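# Observations on chain architecture
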Amino acid sequence: MEISIIIPVYNKTSYIEKCLQSIFSQDFPSFEVIAVDDGSTDASGKICDKWAADEPRLRVFHTPNSGVTAARRYGVKHADGKYIMFVDADDLLTDGALTNMHRAITQSGADEVIGPYIDQYGVIHDSGFREWTTCEPLIRDLLATRNSFCVLWGIIFKKELLDGCLGAPREIVEREDSLMQIKCLMKEPKVYFIDQPAYLHYEDIPNNRIEDLHMIRIYDEELRQTLQPQWERYRSAFIGHQIKVYEKFIDNRQFHVLKDYYRPLRKQLDSSIPLADRVALLLPPRISYFLVHYYKQWRKRSS
């Protein structure tokens, strides 16, 4: 078995069939699909079971709800493939994706192969990275949430690279994919970029996940521990990441976070932090809101 595709599934009735169709229409001859139904309360698990009855390459596991990271970890544990790909249940693979990704990783000898992705509006998100790429710029882009490449989904990994990288507290429900990829990149793997999108990522899909300060504190601690072996190199990027999260709260008019969490962050600001980020944190939050909100709107219109 060459490729195992892991799909964490939680309440995706409206999307899972299209996801499975995009995978089983691939022309690659040696792959399996492992769908982990993470305690869905809708018909997602039943849809997967129905597909599995007619498709021997699909295995479905039903688990108590433990979160997407635990579902991915469970899937990898049961995978038989040399290589692993993650596909979210509300996303699709593009035509020829498995063939192209498998060719790239076997011919290059990389530990993981990454590419651009396309969204549901037909926009290609392309970082511009090509062929061999060092890990540091990728980690910095992920910390700054400015990456235009597949994060954890849509990437082909050597299975052994994922060892020890799929663990995080259950409370983390946002950006867990970036955290898992940073864990991988901290191993200094050989990373190869291709120029063809293998993945269609649906953006702005509604969900009921709540990102609060409790989760953010847990996330920050997990991220800090992950970066600790090279802390001096990534310290300013870590602070920049915290500021980006703060800006998200401000954009949502959740001004209370300044007092509860981010005021102490001001004491860590120095010249290594970009001026725009420092300004956003130092201004009163209700003034920062206008700068952050209109900047985000401008970025969205220009992308």
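### Quick word on the pairing of strand E2 (residues 31-38)
For E2, the tally of buried residues reaches 8 of 8 residues, placing the bulk of the element in the interior. With 7 bridges joining them, strand E1 (residues 3-9) and E2 adopt parallel strand pairing. Within E2, the residue paired with Pro8 across the bridge is Val36. Each parallel crossover has a hand, and the one from E1 via helix H1 (residues 16-24) to E2 is right-handed. Handedness of the crossover is the feature at issue here: the chain leaves E2, passes through helix H2 (residues 44-54), returns alongside strand E3 (residues 58-63), and the resulting connection is right-handed.

### Observations concerning helix H8 (residues 231-251)
Over its 21 residues, H8 extends 29 Å from the first C-alpha to the last, a length consistent with the 30 Å expected when each residue adds 1.5 Å. Positioned one or two residues after H8, Arg253 has a phi angle of 60 degrees, which is positive.

### Quick notes on the packing of aromatic side chains
The final tally for this structure, using the stated rule, is 12 aromatic pairs. Pairing Phe86 with Phe157 gives two aromatic rings, centres 6.1 Å apart and planes at 65 degrees, and the pair type is edge-to-face. Placement of the pair is Phe86 in strand E4 (residues 83-86) and Phe157 in strand E10 (residues 156-158), with a sequence separation of 71 residues. Phe157 sits in the buried class, given a relative accessible area of 0%. Measuring from ring centre to ring centre gives 5.8 Å for Phe149 and Phe193, while their planes differ by 90 degrees; the resulting arrangement is edge-to-face. Of this pair, Phe149 sits in the loop between helix H5 (135-143) and E10 while Phe193 sits in strand E11 (residues 191-193), and the two are 44 residues apart along the sequence. One exposure class covers both Phe149 and Phe193, and it is buried. Chaining the aromatic ring pairs together yields one cluster made of Phe24, Phe31 and Trp51. One Lys or Arg, Arg72, reaches over the ring of Phe86 and ends 5.9 Å from the middle of that ring.

### Comments concerning the nonpolar core
Side chains that are nonpolar tend, in soluble globular proteins, to be buried together. Ile5, Ile7 and Leu227 are the most contacted members of the largest nonpolar core, which totals 96 residues. With 10 residues, H8 is the largest single contributor of residues to this core. What Leu227 contacts, discounting residues up to four positions off in sequence, is Ile139, Leu143, Ile182, Met186, Tyr234 and Phe238.

### A few points about the side chain of Ser40
By the secondary structure assignment, Ser40 is in the loop between E2 and H2. Overall, the relative accessible area of 18% leaves Ser40 in the buried class. A distance of 3.5 Å separates a polar atom in the side chain of Ser40 from the backbone oxygen of Val9. Once you skip the residues sitting within four places of it in the chain, Ser40 turns out to touch Val9, Tyr10 and Asn11.

### With respect to the sheet that holds strand E5 (residues 92-93)
Taken in spatial order, the 4 strands make up an open sheet running E5-E12-E7-E8, and their pairing is mixed. Because the sheet does not close on itself, it has two edges, and the strands there are E5 and strand E8 (124-125). Note that E5 and strand E12 (residues 199-201) share 2 bridges and pair antiparallel. The partner of Leu93 across the bridge, within E12, is Tyr199.

### A closer look at the state of the cysteines
Between two cysteines, a covalent bond joining their sulfur atoms is known as a disulfide. For the coordinates displayed, the defined rule picks out 0 disulfides. Of the cysteine sulfurs around Cys48, a residue in no disulfide, the closest is that of Cys19, at 8.6 Å. A residue is classified by how much of its surface remains accessible, and Cys48, at 0% relative accessible area, is buried. Summary of cysteine pairing: Cys135 is not part of a disulfide, and the nearest cysteine sulfur, belonging to Cys184, is at 9.8 Å.

### Section: helix H4 (residues 97-108)
The end-to-end C-alpha distance of H4 is 16 Å, a good match for the 16 Å that 12 residues give at a rise of 1.5 Å each. Looking at the buried residues of H4, the elements they touch are E1, E2, E4, E5, strand E6 (112-114) and E10. One or two residues past the end of H4 sits Gly109, with phi positive at roughly 75 degrees.

### Here we look at unusual backbone geometry
Even without glycine at this site, Thr145 takes up a positive phi of about 50 degrees. Even without being glycine, Glu188 reaches a positive phi, approximately 60 degrees. Relative to the helices and strands, Glu188 is located in the loop between helix H6 (176-185) and E11. A relative accessible area of 45% places Glu188 in the partly exposed class.

Rules used in this analysis
- Residues numbered from 1 in each chain as written.
- Predicted model: local features only at pLDDT ≥ 70, side-chain atom pairs only at ≥ 80, totals over all residues.
- Heavy atoms only, no water.
- Buried < 20%, exposed > 50% of the residue type's maximum accessible area, 1.4 Å probe, protein only.
- Helix = DSSP H or I, 4+ residues; strand = E, 2+ residues; numbered from the N terminus.
- Pairing = 2+ DSSP bridges.
- Right-handed = clockwise from strand over helix to strand, strands pointing away.
- Expected span 1.5 Å × (residues − 1).
- Phe/Tyr/Trp six-rings, centres within 6.5 Å; stacked < 30°, edge-to-face > 60°.
- Lys NZ or Arg CZ within 6 Å of the ring centre and 35° of its normal.
- Core = buried A, V, L, I, M, F, W, Y, C linked by side-chain atoms within 4.5 Å.
- Contact = heavy atoms within 4.5 Å.
- Polar contact = N/O pair within 3.5 Å; in protein donor to acceptor, adjacent residues only side chain to side chain.
- Disulfide = S-S within 2.5 Å.

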